[in-house]
Amino acid sequence: MSLDTISLSGKKMEVSNKKMSFWESLYLVAIVKGLLITIRHLFTRKVTIKYPEQRRELSPVYRGQHMLKRDDQGRENCTACGLCAVACPAEAITMKAAERKPGEEHLYREEKYAEIYEINMLRCIFCGLCEEACPKDAIYLTETKVMVASASKREDFIYGKDKLVMPLEMALRNSKNKVS
Ligand code: SF4
Ligand code: SF4
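The rules we used
- Residues numbered from 1 in each chain as written.
- Chains lettered and ligands numbered in written order.
- Predicted model: local features only at pLDDT ≥ 70, side-chain atom pairs only at ≥ 80, totals over all residues.
- Near = placed C-beta within 6 Å.
- Nonpolar A, V, L, I, M, F, W, Y, C, P; charged D, E, K, R; others polar.
- Helix = DSSP H or I, 4+ residues; strand = E, 2+ residues; numbered from the N terminus.
- Expected span 1.5 Å × (residues − 1).
- Buried ≥ 20, exposed ≤ 12 C-beta atoms within 10 Å, placed from the backbone.
- Contact = placed C-beta atoms within 7 Å.
- Core = buried A, V, L, I, M, F, W, Y, C linked by C-beta atoms within 7 Å.

### Some remarks on the site of ligand 2
Taken together, 13 residues lie around ligand 2, and Cys 78, Cys 81, Cys 84, Cys 134 and Ala 138 are the ones closest in. Looking at the shell around ligand 2 residue by residue, the classes come out as 10 nonpolar, two polar and one charged.

### Considering helix H2 (residues 28-42)
One full turn of an α-helix is made of 3.6 residues, so residues set three or four places apart face in the same direction. When the terminal C-alpha atoms of H2 are compared, their 21 Å separation across 15 residues agrees well with the 21 Å that a helix rising 1.5 Å per residue should span. Burial of H2 is sparse: only zero of the 15 residues sit out of reach of the surface.

### Some points on the environment of Phe 126
In this fold, Phe 126 is placed in the loop between strand S3 (112-120) and helix H4 (129-133). Overall, the presence of 16 C-beta atoms within 10 Å leaves Phe 126 in the partly exposed class. In this structure, the C-alpha to C-alpha distance between Phe 126 and Ala 138, residues 12 residues apart in sequence, is 16 Å. In this structure Phe 126 touches Arg 63 and Leu 141, once residues within four positions along its chain are discounted.

### Looking at the environment of Tyr 108
In this fold, Tyr 108 is placed in the loop between strand S2 (93-99) and S3. For the pair Tyr 108 and Glu 132, spaced 24 residues apart in sequence, the C-alpha to C-alpha distance is 21 Å. Apart from the residues lying within four places of it in its own chain, the contact partners of Tyr 108 are Arg 75, Glu 76, Arg 100 and Tyr 113.

### Digging into the nonpolar core
Counting 22 residues, the largest nonpolar core has Leu 68, Cys 78, Cys 84, Ile 93, Cys 130 and Ile 139 as its most contacted members. Every element with two or more residues in this core is listed here: strand S1 (67-68), S3 and strand S4 (139-140). Top contributing element to this core by residue count: S3, with four residues. Among all residues touching Ile 139, those that are not within four sequence positions of it are His 66, Leu 68, Cys 84, Cys 130, Glu 131 and Cys 134.

### What about the site of ligand 1?
Taken together, 15 residues surround ligand 1, and among them Cys 88, Cys 124, Cys 127, Leu 129 and Cys 130 come closest. Split into classes, the residues belonging to the shell around ligand 1 amount to 14 nonpolar, one polar and no charged.

### Details of unusual backbone geometry
Going from Tyr 51 to Pro 52, the amide bond is cis rather than trans, its omega being 10°. Note that Pro 52 resides in the loop between H2 and S1. With a phi close to 55°, Ala 80 is a non-glycine residue in the positive phi region. A tally of 22 C-beta atoms within 10 Å means that Ala 80 is categorised as buried. For Lys 145, which is not glycine, the phi dihedral falls at a positive 55°. With respect to the element layout, Lys 145 can be found in the loop between S4 and strand S5 (158-159).

This is how it looks when you write it as structure tokens:
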């Protein structure tokens, strides 16, 4: 078989310049055929859903928006070691470390914490490598099941700590559930 005749899709057709018959030139048969295809699809199972009113069930391993975790006492776990940023293949994570000051022990678990922690959601490919690289159980994607919201400005996709850090109430609720 020559390379010219190979069709990967199986839909390859030779273009013909033959003159159309009278019926073909009316296009009636072609229009009726097209309408029949449309009508047939009215009775087949729909593959689309009415998002956002309807939502598909997410896989148990779905990787949603990142969350920077707090421990049972509500302190941020992240120690700004930078391993997640190094592991990130999309270079989506940036951070600035700071030293914990006396009296801030209730806010940060480690002596060093991320003063600034940002993820560029336009760069992120949700691979989960940041979660795997973290030695402090501080960053999660698989538990959140939250989709990154759409936005019209690029800067709205730079998520800072205000959007990433686990809400305090959630951390305290989790610790209560563990005790009971
Ligand atoms: S999920 Fe992957 S791409 Fe996104 S921030 Fe983490 S390591 Fe980078
Ligand atoms: S999230 Fe984890 S890996 Fe990333 S800087 Fe914080 S402690 Fe280090």
